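# An overview of the molecular structure
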Amino acid sequence: RSQFDLAKNLFQDLLSAITKGHFPQELYTPKRKDALIIKLANCYYQINEDQTVLKVLEQLSEGSQDHPDALFLKALAYQRLKQMTEASKAFLSFLNIADSENKARISDAHLNLGTIYFHTQDFELAQKHLKLASSDTSIAKLFLAKIQLEKNNYKALKPLIKEVKK
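Residues numbered from 1 in each chain as written. Predicted model: local features only at pLDDT ≥ 70, side-chain atom pairs only at ≥ 80, totals over all residues. Heavy atoms only, no water.

## Focus: the overall build of the protein
This is how the line gets drawn: Counting from the N terminus, the helices are the DSSP runs of H or I reaching at least four residues and the strands are the DSSP runs of E reaching at least two. Contact definition: two residues touch when any of their heavy atoms are within 4.5 Å. Note on areas: Shrake-Rupley, 1.4 Å probe, and residue coverage restricted to the protein chains presented here.
Check the secondary structure of the protein and you find 9 helices and 0 strands. Listing the helices and strands of the protein from first to last along the sequence gives α-α-α-α-α-α-α-α-α. For the protein, the proportion of contacts with a sequence separation of at least 24, taken over those separated by at least 6, is 44%. Carbon and sulfur atoms make up 52% of the accessible area of the protein, which totals about 10100 Å².

And the structure:
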C-alpha cells in the first residue's frame, strides 16, 4: 500500500501544480493532465478508495470522460461499491470503444459483466459475456457451469466440468 500512497501523493501534487498554473501551459496540455488524473484514480483504486476513484475521474476534461482506461476504472470502482447497474454501463461503454488489441482488458470486462449478470440472475446475458471472456479463463468456465446448474441443464454441464478440471 505504501508505494501506491507515495505515487498517489506525487500525482496529487503534480495535478495541483498544473491546475494552479505553476507549469507552462504548453508543457501540460489537457491530454497530459487527463493522463495524470487517470493515474491518480488508479492509485486510489489500488488502495481500495473507490468513492475517491469516481470523484477523481470527474475531473477529466469532457473529451476524456470516455477514455478506455477511465471507463474501465470507473466500472471496477462501481462494481466494488456494489453499484452493479452503473458498473455494467461503464463496462459496456468500455467494450464499445476498447481497442481490439487490448485483449486482456476486453476479456476482463466480459468476465466482470458475466459475473454481474450471474449475480443478478440474468443468465442469458451472463452466459453471453462469459463466453466472450478469454477461452482460457477458468473463472468464466466455472460460472458457465453454475448457470447450467441453475437451469438444471445437466447435459450441458458435463463438457464444462471436463474443461474446468484441465
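## What to know about unusual backbone geometry
The line we're drawing: Note on exposure labels: buried denotes an accessible area under 20% of the residue type's maximum, exposed denotes more than 50%, and partly exposed covers the range between, all computed with a 1.4 Å probe on protein chains only.
Phi is positive for Asn48, close to 60°, though the residue is something other than glycine. Mapping Asn48 onto the fold places it in the loop between α2 (30–46) and α3 (50–57). One non-glycine residue, Lys82, lies in the positive phi region at around 65°. Following the sequence through the fold, Lys82 ends up in the loop between α4 (68–80) and α5 (84–97). Look at Lys82 and you get exposed, because its relative accessible area is 65%.

## A few points about the nonpolar core
Rules: In plain words, nonpolar cores are sets of buried Ala, Val, Leu, Ile, Met, Phe, Trp, Tyr and Cys residues tied together by side-chain atoms within 4.5 Å.
Within the largest apolar cluster, 37 residues are counted, with the highest numbers of intra-cluster contacts made by Val53, Leu57, Phe91 and Phe94. Of all the elements in the fold, those that place two or more residues in this core are α1 (2–19), α2, α3, α4, α5, α6 (103–119) and α7 (123–132). Filtering out sequence-adjacent residues up to four positions away, Phe94 remains in contact with Pro68, Leu71, Phe72, Arg105, Ile106 and Ala109.

## Thoughts on the confidence of the model for the protein
Stated formally: Confidence of the prediction at every residue is given by pLDDT, a number between 0 and 100.
Taken residue by residue, the protein gives an average pLDDT of 81. The fraction at 70 or more is 73%. Looking across the protein, the model is least confident in helix α9 (residues 154–165), with a mean pLDDT of 53, and most confident in α4, with 97.

## Quick look at the environment of Thr120
Checked against the element boundaries, Thr120 lands in the loop between α6 and α7. Accessibility expressed as a relative area gives 47% for Thr120, which makes it partly exposed. Separated by 36 residues in the primary sequence, Thr120 and Met84 place their C-alpha atoms 8.7 Å from one another.

## A closer look at the packing of α6 against α7
Using the following cut-off: Interaxial angle, 0 to 180 degrees, is taken between N-to-C directions of lines fitted to C-alpha atoms, where a helix line uses only the stretch in contact. With respect to orientation, any angle under 35 degrees is reported as roughly parallel, any angle over 145 as roughly antiparallel, any angle of 65 to 115 as roughly perpendicular, and every other angle as oblique. Handedness of a crossing is defined here by the sense of rotation of the near helix relative to the far one, left-handed for an anticlockwise turn of less than a right angle and right-handed for a clockwise turn. Polar here means any residue outside two lists: the nonpolar Ala, Val, Leu, Ile, Met, Phe, Trp, Tyr, Cys and Pro, and the charged Asp, Glu, Lys and Arg; Gly therefore counts as polar.
As a packed pair, α6 and α7 sit with axes 7 Å apart at the nearest point and diverge in direction by 160°. Taken together, the axis directions place α6 and α7 in an arrangement best described as roughly antiparallel. As α6 runs across α7, the sense of the crossing is left-handed. Touching His110, Leu111, Leu113, Gly114, Thr115, Tyr117 and Phe118 of α6 are Phe123, Leu125, Ala126, His129, Leu130 and Leu132, all from α7. Counted by class, the contact of α6 with α7 contains 9 nonpolar, 4 polar and no charged residues.

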